[in-house]
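Coordinate analysis (summary)
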Amino acid sequence: MADAERDEEFTVDVLAERAGMTVRNVRAYSTRGLIDPPRLEGRTGYYSQKHLQRLVLIRTLLGRGFTLAAIEDAILKSPSTASNVALDLISIFEVEDDEDPTELIGRAELASISGLGPDHELLDKMTELGLLEKVDEDTIRMLEPGVVRPGAAAVAIGLSPDSVVDIVPHMREHLEQVSDRFVHHVTRDVVQPFLDAGLPQDEWPVVFEKIDQLIPIASQVVVSMFRSVLRQAIETEIGHKLEELAAEGDQPTS
DNA sequence: TTTCTTACA
DNA sequence: TGTAAGTA
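Residues numbered from 1 in each chain as written. Chains lettered and ligands numbered in written order. Predicted model: local features only at pLDDT ≥ 70, side-chain atom pairs only at ≥ 80, totals over all residues. Heavy atoms only, no water.

**Comments concerning the overall build of chain A**
Looking only at helices and strands, one finds 10 helices and 5 strands in chain A. The burial tally for chain A puts 30% of its 254 residues in the buried class. Looking at chain A alone, contacts between residues at least 24 apart form 64% of all its contacts between residues at least 6 apart. Within the structure as shown, chain A displays about 16,500 Å² of accessible surface, and the carbon and sulfur contribution to it stands at 54%. (Helix = DSSP H or I, 4+ residues; strand = E, 2+ residues; numbered from the N terminus. Buried < 20%, exposed > 50% of the residue type's maximum accessible area, 1.4 Å probe, protein only. Contact = heavy atoms within 4.5 Å. Areas by Shrake-Rupley, 256 points an atom, 1.4 Å probe, with all protein chains shown as cover.)

So this is what it looks like as structure tokens:
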């Protein structure tokens, strides 16, 4: 490649620090053969960017729930490509939000959807929530049109702006938990078996495909389940209100 | 002093 | 995975 290569080298303590782990663990992984031996100068070893990248990879995989044994197995069986393949795998989980296009909309138009004035505080609050971005005086970029539009519509129907502002972050927080759990199980049930099996390079597209299939399925479940639970909650709540009204009707004052 | 190995908890 | 001892 270019000539501006990162050819700097560093000792274990620096390596460990940059990799975000202890020297002890660097040596442990080294002993297991998870990283190549360093360039030796007398008794001290000098490590390069490749060593660092490998350690970061290991740390990331461990953080995702892979066992050290599985990582070891994968790396040892496919020394030259394991790193790249694993990185590809990681990117699948982390770069799945690129199909979330932003959308420009006139300030007046967005306001009309919600039935509010163009200067209503709701727009400011949505901006604070990271849902909107001011482009210029009367143009707004919706970072998440799929959230903003329905939110505005809900306000038009009668939900208060404050409620929307309260619900959105709440939903996001809990859905993130659901997602984390989902990812955990996918890595354990779908991905790890492939690592355990020895990482046949030809088979990795199969794993990617499985994950691609699981994402819409999981999304489907979330929508269906939420719809069901929401309906039930509303019926229960309204049922209580009706009972209260009925009780008051039978025995006024008490 | 620091790096590394080995051994033990 | 942390710590300690003995080296180079």
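**Section: the protein's contact with DNA strand C**
Around DNA strand C lies a shell formed by Thr22, Arg24, Asn25, Tyr29 and Arg43. Taking Arg24, its side chain carries an N or O atom lying 2.9 Å from a base nitrogen of DNA strand C. The contact in question runs from a base oxygen of DNA strand C to an N or O atom on the side chain of Arg43, over 2.6 Å. When grouped by side-chain class, the residues that make up the surface near DNA strand C number 1 nonpolar, 2 polar and 2 charged. (Near = heavy atom within 4 Å. Polar contact = N/O pair within 3.5 Å; in protein donor to acceptor, adjacent residues only side chain to side chain. Nonpolar A, V, L, I, M, F, W, Y, C, P; charged D, E, K, R; others polar.)

**Side note on the protein's contact with DNA strand B**
Around DNA strand B, the surrounding shell consists of Thr11, Val12, Asp13, Arg27, Arg43, Thr44 and Gly45. If you look at DNA strand B and keep only atoms within 4 Å of the protein, 64% of those are sugar or phosphate atoms. A distance of 3.4 Å separates a phosphate oxygen of DNA strand B from a polar side-chain atom of Asp13. Within the contact set of DNA strand B, a phosphate oxygen lies 2.9 Å away from a side-chain nitrogen or oxygen of Arg27.

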